[in-house]
Amino acid sequence: MKVTFHQMEVFECVARRLSFTRAAEELGLAQPTVSAQVRQLTDAVGLPLFEQFGKSVQLTAAGRELFATTRELLATWSRFEMTVADLTGIKRGDLKVACATTAKYFTPDLLGPFCAAHPEVEIELAIANHDTLVERLKRHDDDLTIMTLPPDDLNLERIPFRDNPLVCVASTSHELAQQKGLTLADLRNERFIMREAGSGTRYRLEQFFAARGFKPKVRMELGSNEAIKHVVAAGLGISVLSRESLDVSPELDRLAVLDLEGFPLQDEWVAVVVRGRRLSPVAAAFLAHVRSTTTRTTPSNKANNRKK
Ligand code: PGA
């Protein structure tokens, strides 16, 4: 089969964007050039790679196979380029990191010293909630993922490196804000502001409540820790958030951490890489850097925490 590297790059882009127009924009090529490259590749494969539905295109079964193959080939090639760079003593290349929405509060602090030590490395940082990270892991989108509750059904290497205490917060003017020794029963009539379904914070909290038979009254679901903090500060309800998302002095944001039995809920941040996938030198160096920052203080309780 006579296929060129350029054809595969063009096809990968069209398949990822599901659009010839957007792929042409991304690649800086004219659209007829993109179409011609894909046509030649289709001829070489001998099966249609795309189906047209009105204005949109979808991959055929052969197209999906080729998409997975080209992504693997391109990733392998990029690792080869980095290995060559590494052999000449230069750590350069791309590093694709994905982190949970809540990990955005500390991930830049991990990247900062690493980038200072390796100024030639280009970083792509994707920030997404737990479920989206799992989807990205399945597609091998990233070199390294920072999350909690890594799924058991994927073959992953897990490196726990940092505690993630979850705390219950209310407005500083809330009547429970100053009380000591609160129990879940004291929260019976409170309205909860929850993170969206698919969030790791929410999974963890739901596990905790379910284990105690507690059914929270939910006022609102929000996809952003920052939005939740504002809503809680305004007195619309109480919430459970990662301590990472709060200021060192939460009262500056008009938030009080409640003295609630069972809290802080212990959880842990884990750096995750797909097992068996060879890491690029840059990704391996970053993983080593993350390991070196380990600040976990509590024993691993992941057996209890894992999302079922
Ligand atoms: P999330 O991340 O709640 O922003 O999804 C935290 C986590 O995964 O526990």
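Residues numbered from 1 in each chain as written. Predicted model: local features only at pLDDT ≥ 70, side-chain atom pairs only at ≥ 80, totals over all residues. Heavy atoms only, no water.

(A) Representation of unusual backbone geometry. Geometrically, the link from Phe263 to Pro264 is a cis peptide bond, its omega value of 0° lying close to zero. Tracing the backbone shows Pro264 in the loop between strand E11 (255-257) and strand E12 (268-274). Non-glycine residue Arg254 carries a positive phi angle of around 60°. Here Arg254 lies in the loop between strand E10 (239-242) and E11. (Helix = DSSP H or I, 4+ residues; strand = E, 2+ residues; numbered from the N terminus.)

(B) How the structure looks around the environment of Thr42. Relative to the helices and strands, Thr42 resides in helix H3 (residues 31-45). Spatially, the C-alpha atom of Thr42 lies 9.7 Å from that of Ala62, the residues being 20 residues apart in sequence. With residues near it in sequence (within four places) discarded, Thr42 still touches Leu47, Pro48 and Leu49. Here the side chain of Thr42 touches Val38 through a polar contact of 2.6 Å, landing on its backbone oxygen. (Contact = heavy atoms within 4.5 Å. Polar contact = N/O pair within 3.5 Å; in protein donor to acceptor, adjacent residues only side chain to side chain.)

(C) Seen up close, the packing of aromatic side chains. Evaluated as defined, the whole model comprises 11 aromatic pairs. A connected cluster of aromatic rings, assembled from ring pairs, spans Phe192, Phe208, Phe209, Phe214 and Phe263. Sitting over the face of the ring of Phe106, Arg162 holds its NZ or CZ atom 4.2 Å from the ring centroid. (Phe/Tyr/Trp six-rings, centres within 6.5 Å; stacked < 30°, edge-to-face > 60°. Lys NZ or Arg CZ within 6 Å of the ring centre and 35° of its normal.)

(D) View of the sheet that holds E11. Strand order in this open sheet of three strands is E10-E7-E11, and the pairing throughout is antiparallel. Edge positions in the sheet fall to E10 and E11, since each has one partner strand and no second. Ignoring which end each strand starts from, the neighbouring axes of this sheet average 45° apart. Direction of pairing for strand E7 (residues 166-171) relative to E10: antiparallel, over a ladder of four bridges. Looking across to E10, one finds that Val167 is bridged to Leu241. Relative to the sheet, helix H8 (residues 225-233) contacts E7, E10 and E11, its axis offset from that of E10 by approximately 140°. (Pairing = 2+ DSSP bridges. Axes fitted to C-alpha atoms, helices over the stretch in contact; angles between N-to-C directions.)

(E) Broad picture of the site of the ligand. Close to the ligand lie Ala100, Thr101, Thr102, Asn129, His130, Thr148, Arg195, Ser199, Gly200, Thr201 and Trp269, which account for all nearby residues. At 3.1 Å, a backbone N or O of His130 approaches an oxygen atom of the ligand. For the ligand, whose free accessible area comes to 270 Å², the fraction covered by protein is 100%. Given that more than half its atoms are within 2 Å of the pocket grid, the ligand belongs to the largest cavity. Split by residue class, the shell around the ligand holds two nonpolar, eight polar and one charged. (Near = heavy atom within 4 Å. Areas by Shrake-Rupley, 256 points an atom, 1.4 Å probe, with all protein chains shown as cover. 1 Å grid on protein atoms, 1.4 Å probe; cavity = no way out; pocket = protein on both sides within 12 Å on 5 of 7 lines; lining within 4 Å. Sits in = over half its atoms within 2 Å of the grid points. Nonpolar A, V, L, I, M, F, W, Y, C, P; charged D, E, K, R; others polar.)

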